[in-house]
Amino acid sequence: MSKYKRVLLKLSGEALAGDKKIGLDYDVITSFGKSIKKCVDAGVEVGIVVGGGNFWRGRSSGAMDRTRADHMGMLATVINALGVADELEQLDNCGLEVRVQTAISMPQVAEPYIRNKAMRHFEKGRVVIFGCGTGNPFFSTDTAAALRAAEIEADIFFKAT
Ligand code: UDP
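The rules behind the values
Residues numbered from 1 in each chain as written. Predicted model: local features only at pLDDT ≥ 70, side-chain atom pairs only at ≥ 80, totals over all residues. Heavy atoms only, no water. Phe/Tyr/Trp six-rings, centres within 6.5 Å; stacked < 30°, edge-to-face > 60°. Helix = DSSP H or I, 4+ residues; strand = E, 2+ residues; numbered from the N terminus. Buried < 20%, exposed > 50% of the residue type's maximum accessible area, 1.4 Å probe, protein only. Lys NZ or Arg CZ within 6 Å of the ring centre and 35° of its normal. Pairing = 2+ DSSP bridges. Arc of directions from axis to C-beta. Contact = heavy atoms within 4.5 Å. Polar contact = N/O pair within 3.5 Å; in protein donor to acceptor, adjacent residues only side chain to side chain.

Caption draft 1: Region of interest: the packing of aromatic side chains. Under the defined criterion, the tally for this structure stands at two aromatic pairs. Their ring planes at 80° and their centres at 6.3 Å tell us that Tyr4 and Phe158 sit as a pair that is edge-to-face. Taken together, the residues Tyr4 in the segment before β1 (6-11) and Phe158 in strand β6 (residues 156-160) connect sequence positions 154 residues apart. Taking 5.6 Å as the distance between ring centres and 80° as the angle between the ring planes, the aromatic pair formed by Tyr113 and Phe130 counts as edge-to-face. Here Tyr113, found in the loop between β4 (111-112) and α4 (115-123), pairs with Phe130, found in strand β5 (residues 127-131); they are 17 residues apart in sequence, far enough to count as distant. Judged by its relative accessible area of 2%, Phe130 is buried. The ring of Tyr113 carries Arg148 above its face, with NZ or CZ at 3.6 Å from the centroid.

Caption draft 2: Molecular detail of the pairing of β5. Counting buried positions over the five residues of β5 gives five, a clear majority of the element. Side chains of β5 alternate between two faces, with Val127, Ile129 and Gly131 and Val128 and Phe130 buried alike. In terms of strand pairing, strand β2 (residues 45-50) meets β5 through three bridges, oriented parallel. Along β5, the bridge assignment pairs Gly47 with Val128. Summarising the sheet, strand β3 (residues 98-102) and β5 pair through five bridges and their orientation is parallel. Note that in β5 the partner of Val100 across the bridge is Ile129.

Caption draft 3: Here's a closer look at helix α5 (residues 141-151). Every buried residue of α5 is accounted for by Thr141, Ala144, Ala145, Arg148 and Ala149. Take α5 and look down its axis: the buried residues cluster within an arc of 135°, on one side only. Tucked into the core, α5 has its buried residues touching β1, β2, α3 (66-90), β5 and β6. Where α5 begins, the side chain of Ser140 points an oxygen toward the backbone nitrogen of Asp142, at a separation of 3.3 Å. Positive backbone phi, approximately 55°, marks Glu153, located one or two places after α5.

What follows is the structure, given as structure tokens:
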């Protein structure tokens, strides 16, 4: 019996890039995936908020319009969400069931964020990856992770930076 029923894990872009510092390091993601699978196999419901700083950070965009720069940052989180989802699904050829939900609608790519639908996925043992942060500029994915943790009533919120 696990100590926690439902957890929210924040994976920063930096963590996903590993030593490469930019882009995605699949050795690192596989290692995260193996730990996540152990939790899911133990009956823990797992939600993940991904950062995007391995591709883009709004606040480092110089003279660019900040809202536009933050939109780019949120899109970067979707690249990470899809990359992590794919890895979790393929893990050891017996991967996890995963759904990606985004706070900015892009229905051809992922489900829109719907809290109750996420809860239903958890009940079915699926991992839910939340992309696009809060969906609003001037926020960070840490804030989004705290928000989603509260919304899904996570027992604990972990952050891998
Ligand atoms: N972002 C945003 N609103 C949010 C979450 C993120 O505008 O609710 C943008 C912002 O530009 C941010 C980028 O997405 O710099 C990537 O997120 P963050 O810097 O939090 O990623 P991390 O540092 O965790 O990799």
